[in-house]
Amino acid sequence: EEKDIYVYLKDGKFYLRSDRKIKYFDMLTQKEGEIPEGKDYPLKKKMYIVGDKRIVIKQAVPSGKIDITPSTSGVKSNPQKSALILEVDYNGIKKIVKLLGGGFRSHVVGEPVYLKLNDIELKLSWGSKVIQLPFYIYLKDFVVKRYPGSMKPSSYESDVVVKDSVNNREFEYRIYMNHTLEYGAYKFFQSSYDPDEKGTVLSVNHDPGKIPTYIGYFMLALGLFLNLFNPYSRFGRLARMKFEKIVSVMIGFLILFSGYANSQENVQNMPLEKIIQEVKKIDKKHADKFGRLITQTFDGRLEPVDTLSIDVLNKVSKRTSFYGLNHNQIVLGMLVMPSYWQKIPIIKVSHPAIKKILGIPQDQKYFSFSDAFDSENRYKLFEAVEIARRKRPVERNQFDKEILKIDERVNILFMVFTGELFRIFPLEGDPNHTWYSPKSAIEKFPKKEAQIARLLLIAYFASIERGIKKGEWSLSDKVLEKIKDYQKTKGADIYPPERKIKAEILYNKLNIFERLIFIYLFAGFSLLILIFAKLIKPSLNLSIPTKIVLGILVTGFLFHTFNLGLRWYISEHAPWSNGYESLIYIAWTTILAGIIFARQSPFAVATTGILSGLTLFVAHLSWMDPQITNIVPVLKSYWLTIHVSVITASYGFLGLSALLGFITLLLFIIRKPDLKDEKQIQIEVSILETTRINEMSMIVGLSLLTVGNFLGGVWANESWGRYWGWDPKETWALVTILVYTFIIHTRFVSWMRSTYTFAVLSVIGFSSVLMTYFGVNFYLSGLHSYASGDPVPIPTWIYWAVGIISVVILLAYRNRKIRCI
């Protein structure tokens, strides 16, 4: 027993006191902290104290007039079966009681202690409570299904037998993620499994009020939906509203690998120009055929080498072409001509300190694989990388983060040069359907299979050497077809259909999402310029250029829709399962919002074009990964399509609202209230019209966000038995709902009823959406987090954006007085 740490109960709450500083870890917020020396510290529920001692408190106050006060005794350090020592004081009779049990989520049942104090009998225990079910469940079998060739679970399933002796029933059932067992008003969810994969963990829920709850959700969603079609609702009145002078401009949208390596000459002293001339001898047509070869990623996904090549270059160089060579030519060249490509600067670097370690000029943007090693083949970055890795993510500075990225790029290139990244040989009869790299296939395959793989490789590299020397690539094409035939024969169980391979190569070739950045921005800004030109000089006839820009924008939207469908077909899941996919979907819904309100206001289309372009730009920044990947088991549900699509679509409408608010503020700046000429009337009409569409878009966005949030509660209840867990994303989604509910209802507050105020709030309110999406995904830990709390740097342009918005708000303030709608 220790004397330096104790817990006491005061006013129904537990407090901790210690003679020294104690560190703690909060199970709720996943954050560490420190308890000051000699101070009373209120213990929250689910608090885990870390140090020499460990304590888990489940706060509970016994009923009756009983005063329970802990002694100054300590707590044992075993978190699975801890002790809580209490002093029970009843009418002057005091007894020390040691309660053995477990803490929060320990799954340890407390050992009861029976006490008799004068006229009362007490049963005290600390730990989990046992609930006896009216039936039994027997685990018949448990299976973990993994993605082919990887350890990543695709699904885990429990085959159980339900035995109900009371009702004389017995049946088998399979429980897996998003497929629950419901029996006797209890619901069993697949939660986890034992490390040895011989036992399963099921979570249990008893919710007799599910049907009334779902009915309430349905009625809420129905009411919000009907509100959009009710001619007497606020939305309906805004949709019908007409002004005396409406600008006639109606604007719309959518602009729219070793045989050959051994024969290579020494390139150590060869000039870079000569090296580049040599690598350019790789034939583009053959390289593209090489790109159609299938490879298996480390998470088990089968994809064309074409996709792998793009992913490699995106990670290493942030480019997909160099020196007139496309991604397939470069990666094939790295495989068959490694000594040449090791001398070519292709690894992107920007940090000055890293350039100094590498010994390259500060104005150089790329360095070669050879630059990372000294004359004795020692890795120059080794010491800096090791120091960075030993630090916790939150303690890493910008240099640490950059050095780890550079180290990753060097390692990726090493795996390309050695061929380890190309898992192109399937092993027939492998229960996990694992594919192997050339080296691994020769080493691990049975003797006959290994010999076949070795002969195919020798033949292919020899044919490549012949092609480079003579410019004749027909033999290389034939050998490549033999390797493809080998894949189709030995890996027939999982080999993808030819149409899917062609679809993925088409997706890579079109690169539509990245191309749309310029198209959307060009169309949006062009429309905005045309609108303001018409406002300044109403006599201008801009209908033809407006229709042209509108046609470009609409065409871009059609291509955007096509590419979303193509990615859905390739990945076999809805294209909004990660950060990159959700951004390209938000961009699509933003343009859709502009289409919906195109006839209502020309500003709607222009602003959605700009916002969609900016969203796609952010999606293609270096910290976003556009790679198509397999998804975790919990996302294998139709709820992914329903919940995420609805709640993410709301961001597009709320984004449109923010931009329309910003446009309104700009109109306030150029407005001159003292003048009443035609131009000023036009500006005032535009302010009122833009505000009307702003509020309509906000109502649609808030309705979608609210319905999407409750749909998330349904998904959570159907998947793991709880509607709401105060996950950071859930919490911020609720905050956003409250923020926009407040903004929409400010018109009922007399001193806030102002067109200017509404515009300002619609701009500022979007920060809550940004926090819900970016802040939670990349800065907070939780179920919905993409970065698990490892924060990404805050871009500098955000500070500029805040500054510009603040200046615009201040400048618009002086001309703020205008009638409300």
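Up top you'll find the structure we're talking about.
A quick note: this is a predicted structure, and the numbers were derived from the prediction, not measured.

Caption draft 1: Representation of the packing of aromatic side chains in the model. What the rule picks out here adds up to 24 aromatic pairs. An angle of 70° between the planes, with centres 5.9 Å apart, marks the rings of Phe135 and Phe188 as edge-to-face. Here the residue Phe135 occupies a position in the loop between β12 (120-124) and β13 (136-146), and Phe188 occupies one in strand β17 (residues 186-193), the gap between them amounting to 53 residues. Residue class for Phe135 comes out buried when judged on its relative accessible area of 5%. Taken together, the ring pairs connect Phe135, Phe171, Tyr183, Tyr186 and Phe188 into an aromatic cluster.

Caption draft 2: Layout of the pattern of salt bridges. Across all of its chains, the model carries 22 salt bridges by this definition. Arg174 is the partner of Glu157 in a salt bridge, and the nearest nitrogen-oxygen pair spans 3.2 Å. Of the two residues, Glu157 sits in strand β14 (residues 153-164) while Arg174 sits in strand β15 (residues 169-176), which places them 17 residues apart along the sequence. On the basis of relative accessible area, Glu157 is assigned to the buried category, the value being 9%.

Caption draft 3: Broad picture of the side chain of Ser762. Position of Ser762 among the secondary structure elements: in helix α23 (residues 755-779). Beyond its immediate chain neighbours, meaning those up to four positions away, Ser762 contacts Ser657, Ala658, Gly661, Asn694, Met698, Tyr740 and Ile743.

Caption draft 4: Just helix α14 (residues 474-490), in detail. When the terminal C-alpha atoms of α14 are compared, their 25 Å separation across 17 residues agrees well with the 24 Å that a helix rising 1.5 Å per residue should span. For α14, the full list of buried residues reads Ser476, Asp477, Val479, Leu480, Ile483, Lys484, Tyr486 and Gln487. In this fold, the buried residues of α14 make contact with α5 (284-291), β19 (294-296), β25 (425-426), β26 (435-436), α13 (447-470) and α15 (498-510).

Caption draft 5: Fine view of the packing of α13 against α14. Two numbers describe how α13 lies on α14: the axes approach to 8 Å, and their chain directions differ by 155°. It follows from the interaxial angle that α13 and α14 lie roughly antiparallel. As α13 packs across α14, the resulting crossing turns out to be left-handed. For the pair α13 and α14, the contacting residues are Glu449, Ile452, Leu456, Ala459, Tyr460, Ser463, Ile464 and Arg466 in the first and Leu475, Ser476, Val479, Leu480, Lys482, Ile483, Tyr486 and Lys490 in the second. Partitioning the contact of α13 with α14 into residue classes produces 10 nonpolar, 2 polar and 4 charged.

Thresholds applied
- Residues numbered from 1 in each chain as written.
- Predicted model: local features only at pLDDT ≥ 70, side-chain atom pairs only at ≥ 80, totals over all residues.
- Heavy atoms only, no water.
- Phe/Tyr/Trp six-rings, centres within 6.5 Å; stacked < 30°, edge-to-face > 60°.
- Helix = DSSP H or I, 4+ residues; strand = E, 2+ residues; numbered from the N terminus.
- Buried < 20%, exposed > 50% of the residue type's maximum accessible area, 1.4 Å probe, protein only.
- Salt bridge = Lys/Arg side-chain N within 4 Å of Asp/Glu carboxyl O.
- Contact = heavy atoms within 4.5 Å.
- Expected span 1.5 Å × (residues − 1).
- Axes fitted to C-alpha atoms, helices over the stretch in contact; angles between N-to-C directions.
- Parallel < 35°, antiparallel > 145°, perpendicular 65-115°, else oblique.
- Left-handed = near helix turned anticlockwise from the far one by under 90°.
- Nonpolar A, V, L, I, M, F, W, Y, C, P; charged D, E, K, R; others polar.

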